[in-house]
Amino acid sequence: MSDKPSTPMTRKPPGVSRSFTLEVWGDFACFSRPELKVERFSYPVITPSAARGIFDSIYAKPIEFRWQVERVEICTPPAYIALRRNEVKDVVNVNAVYRWMRGEEPPRPIYADADREFSGSDEKGRTQRQTMALKNVRYRLTASIWPWPGFTAKTRQLEDQFLRRASRGKCFCQPCFGCREFPAFFRTVEENEHVAPPQPWSADLGMMLYDVFDLSRPGTAESKAAVSLFHATVLNGVLEVPPYSSDLVLKAATGVGGVDGGAA
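Note that the coordinates shown come from a computational prediction; the quantities given were computed from them, not determined experimentally.

Novice: Account for the packing of aromatic side chains, with residues named and values stated.
Specialist: Inspection of every chain in the model, using the stated rule, returns 14 aromatic pairs. Taking the centre distance of 4.8 Å and the plane angle of 40 degrees together, the rings of F55 and W67 count as tilted. Pair noted here: F55 is in helix α1 (residues 48-58) and W67 is in strand β3 (residues 65-74), with a separation of twelve residues, a long-range link. Like F55, the residue W67 is buried in the burial classification. Put simply, the rings of F20, F55, Y59, F65, W67 and F162 touch in pairs and so form one group of aromatic residues. Here R165 stacks its cationic end above the ring of F172, 4.2 Å away from the centre of that ring.

Written out as structure tokens, the structure reads:
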């Protein structure tokens, strides 16, 4: 946990005073660049969207608050690894799954590899994809809880609940680094804890994905994608992340209106 004063980059809304820092690490990571659609190619550092997902996997109440990522500290230098994998091309139809559960029809598996005699087609159900991923990643992620209007009075309660869960290693689902097959492990960084300095690495990363949803209003299961971008610059191993409401974040047309992503 951190009680550092807010800077213009991380100014918090009324009622929000605390920030939380997690140290996260894993063997592999892939934060795919959206402009490369066929072959996955990772950004050299974690994106704010992926960082938010890690906090959400530990504690999330989308109706009451959202996470605002403030800072990313890079603890190991970026290192790429090339992976080639067989991936299935088809997806299971959700309605078909319900029919299988009700016993209305027998399950039909997705065949990754079959010949004409077996499946009636020469077309393979798999394809080879190249992935330029990161290896041996470690970050310190700092974020704060920004309550939605009407829930400002619960801010302290929400913060305490997150701290209890994170300190005990609890999570709703296993955090991951961009892909489910790349699990992320985490621990809380205590206030005034002595930690190693970030890597002395600086780079202008250009335009980076900020998020794929509209963070200016509470999300629902029916929320549509709304891509946002920002100019990412790493200075001495630290990536400062502007608030979603900042003019530094370029938002899609569907992500401009609505309630500001902060407390009332």
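Novice: Could you give me a rundown of the side chain of T155, with the residues and numbers involved?
Specialist: Tracing the backbone shows T155 in helix α4 (residues 155-167). Overall, the relative accessible area of 3% leaves T155 in the buried class. Engagement of the side chain of T155 in a polar contact is seen with the backbone oxygen of T152, the distance being 2.7 Å. Once residues lying within four places of it in the same chain are set aside, the contact partners of T155 are G15, V16 and P147.

Novice: Outline empty space enclosed by the protein, listing residues and values.
Specialist: Counted under the stated rule, the structure contains two cavities of 30 Å³ or more. By volume, the largest cavity amounts to about 50 Å³. As for the largest cavity, its lining consists of P48, R52, R66, W67, Q68, V69, Y210, D211 and L215. Looking at the lining of the largest cavity, the elements with two or more residues in it are α1, β3 and β9 (203-211). Looking at side-chain class alone, the lining of the largest cavity contains five nonpolar, one polar and three charged residues. Of the voids in this model, the second largest cavity is the one considered here, and its volume is about 40 Å³. Residue lining of the second largest cavity: P44, I74, T76, P77, P78, A79, L134, K135, V137 and Y139, and that is the complete set.

Novice: Can you lay out the layout of surface pockets for me, pointing to particular residues and giving the numbers?
Specialist: Its boundaries defined by the atoms lining it, the largest pocket holds a volume of some 930 Å³. Around the largest pocket sit 39 residues that line it, and S49, R52, D56, V212 and F213 are the ones nearest its centre. Of the residues forming the lining of the largest pocket, the biggest block, seven residues, is contributed by α1. Its residues assigned to classes, the lining of the largest pocket shows 20 nonpolar, eleven polar and eight charged.

Novice: So what about the pairing of strand β5 (residues 126-147)? Which residues, and what values?
Specialist: Across nine bridges, the pairing between strand β1 (residues 20-29) and β5 is antiparallel. Each residue of the ladder has a partner; that of G26, found in β5, is V137. Pairing between strand β2 (residues 40-41) and β5: two bridges, direction parallel. Across the sheet, F41 pairs through a bridge with M132, a residue of β5. Where strand β4 (residues 80-88) and β5 come together, nine bridges link them in antiparallel fashion. Bridging from a neighbouring strand, I81 pairs with A133 of β5.

Cut-offs applied
- Residues numbered from 1 in each chain as written.
- Predicted model: local features only at pLDDT ≥ 70, side-chain atom pairs only at ≥ 80, totals over all residues.
- Heavy atoms only, no water.
- Phe/Tyr/Trp six-rings, centres within 6.5 Å; stacked < 30°, edge-to-face > 60°.
- Helix = DSSP H or I, 4+ residues; strand = E, 2+ residues; numbered from the N terminus.
- Buried < 20%, exposed > 50% of the residue type's maximum accessible area, 1.4 Å probe, protein only.
- Lys NZ or Arg CZ within 6 Å of the ring centre and 35° of its normal.
- Polar contact = N/O pair within 3.5 Å; in protein donor to acceptor, adjacent residues only side chain to side chain.
- Contact = heavy atoms within 4.5 Å.
- 1 Å grid on protein atoms, 1.4 Å probe; cavity = no way out; pocket = protein on both sides within 12 Å on 5 of 7 lines; lining within 4 Å.
- Points joined across faces, edges and corners; volume = space filled by probe spheres on them.
- Nonpolar A, V, L, I, M, F, W, Y, C, P; charged D, E, K, R; others polar.
- Pairing = 2+ DSSP bridges.

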